[in-house]
Every structure is written in C-alpha cells, then in structure tokens.
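Residues per chain are reported as follows:
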Amino acid sequence: LYTTEVKFGPLLGAGSLIGLGMGGFLDGIIFHQILQLHSMISGKVYPDTLIKLEFNMFWGGVFHLFTWFTIAVGLGLLWKSFLNPYSPRSTPAFSGSLIMGWGLFNTVEGTINHILLGVHHLMEQAPIEEKLFWDMLYIGIGIIMIGIGRIMVSRGKREFFSEEIKKARSRPFKFKPAFHRRTFPQIEREDRIQ
Amino acid sequence: VKYIILFGLVGFLLLQDAFACRLCHSPLGQQVRMGIFDPNFIFYIIAVTLPFIILGLVVYLLYF
C-alpha cells in the first residue's frame, strides 16, 4: 500500500528538465563558443563573414534563452517535488534523471536539427558523409546516456524501497514507515483523523 | 524613490549612447537584422524551438 503512495514522477521530471537544460548549455558553450565546431544555423548560413556570424549568434542566443527557461521550469518542479511529502529523496534516481535528460536532449536535438532539418551539424567543416557519421555518433551517445540514466533511476528506486521496507519491518506495530513522520508529521495526524 | 527614478531617467538619457544596442543602430547591425527577419524567419524559429517543445512534451508524458 505504501509503495503506491510514493511518486517518483515529479522528481524524475524535474531532474530530466534540468539535465536537458544543462545538456543544452554544454552544447552551446563547448560546441558553439569554445570549440566553434558549429553555430545554430551554420548548416544554412555558414558563418564566414561577420554579418553571418552575428546572425548565427542571434539564433544561438534564442536557443540559450529557451535552454534557460527549461532549467527554470525544472527548478520550479524540483522545488514542488521537494515540498511534496509523497515525493521521495533519492540521489541515484535524481542523478540518473539528470543524465537521462541530457541524453534526451542529444537524441531529440540531434535528430531534429542535425538530421531532419539540417540547420547545423556537429562537424560543420567536415565532408558530407563524415558530417552524418559525427551526427549519428552524437545521437548514439545520447541514446547510451538515456540507458545509463534509466539504470541509475531503477537502482535508486530499488534502494529507496528496500530501505523503506527495512525500516517498516523494524517497527512491527506501526504500519506506515518512518518516511512521513520524519519529514511531515502533520500528514500522519491527517491520516489518523480520516 | 522619485529622485532615484528621476536621476535614473536623466542618467539613462545622458548615457543612452553607451547603452545603445549595436544591432539596433550600426549599419552592420542593420544588415544582420535584415538577415534575421528574412523570409526564413519562421523556419529558423521553428528549428530552434521544436526540440524544446518535443522534449517538454516527452518529459510531461513520461512523468506527469
């Protein structure tokens, strides 16, 4: 009964959005700005003049703006999940969701922007066949990260429930585990009234 | 508070050349603007925002 009350969704959703935004920022900072492998619209307007470079910089800015909003929404959801007594605190599950969000960003952004729309490629100066290879590698790394994230989330869930079951077994006369009492004693009171 | 606003406004008017956005006022900026607001503007804005819309939907459907 207790296991059905715990909801991992809000924590994992918030973690995924934050991971997604962090992946977006790393893409922008490392690939666009430090290494300058590509720019936001470099597949359509290659930045070989100052005007074209500034044009790409503008769209890079729009991309970073949306990345910032993603992180802001993720932080809001994380706070909401923190206030929710039925949302568990699990470090491996949260870390896994961050990695999963990052992997999701690489996969979806790589598929839409690199392959389908072709607005930019990972290695913009490479020959066309090599461009596809690097784009597929980028998407492949994203899929591997989703897998690693999922494994970490499952491990986190398993650890959380096994710990809670252990705690519940150590208190044979009290049905509910100590999770609620430790964090939000008022909930137990409400339960008792019902 | 009103003096802060007043001095702020005067300061802004005196220093607006320093704050002026290069993209808005310089001849180079004008060319960049023409590039941004060209017929492909809708395509570019969709290209930049589409991954975020899809990712937001994926996360929402998975966890909420």
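Up top you'll find the structure we're talking about.
Quick notes on the rules
Residues numbered from 1 in each chain as written. Chains lettered and ligands numbered in written order. Predicted model: local features only at pLDDT ≥ 70, side-chain atom pairs only at ≥ 80, totals over all residues. Heavy atoms only, no water. Helix = DSSP H or I, 4+ residues; strand = E, 2+ residues; numbered from the N terminus. Core = buried A, V, L, I, M, F, W, Y, C linked by side-chain atoms within 4.5 Å. Buried < 20%, exposed > 50% of the residue type's maximum accessible area, 1.4 Å probe, protein only. Contact = heavy atoms within 4.5 Å. Salt bridge = Lys/Arg side-chain N within 4 Å of Asp/Glu carboxyl O.

Tracing the backbone through its elements, the reader meets A:Leu78 in helix 3 (residues 50–83). Along the sequence, A:Leu78 and A:Gly103 sit 25 residues apart, while their C-alpha atoms lie 19 Å from each other.

Next up on the list: the nonpolar core. Note on soluble globular proteins: their nonpolar side chains tend to be buried together. In this structure, A:Ile41, A:Phe55, A:Trp59 and B:Val48 are the most contacted members of the largest nonpolar core, which totals 30 residues. Elements with a contribution of two residues or more to this core: helix 2 (9–34), helix 3, helix 4 (91–116) and helix 5 (128–170) of chain A together with helix 4 (27–36) and helix 5 (41–63) of chain B. Other than its neighbours up to four places away in sequence, B:Val48 contacts A:Met40, A:Ile41, A:Trp59, A:Val62 and A:Phe63.

Residue and element names in this part refer to chain A. Tallying each qualifying case throughout the model produces three salt bridges over all chains. Between Glu-124 and Lys-131 there is a salt bridge, with the nearest N and O atoms lying 3.7 Å from each other. For the pair Glu-124 and Lys-131, one class covers both residues: buried.

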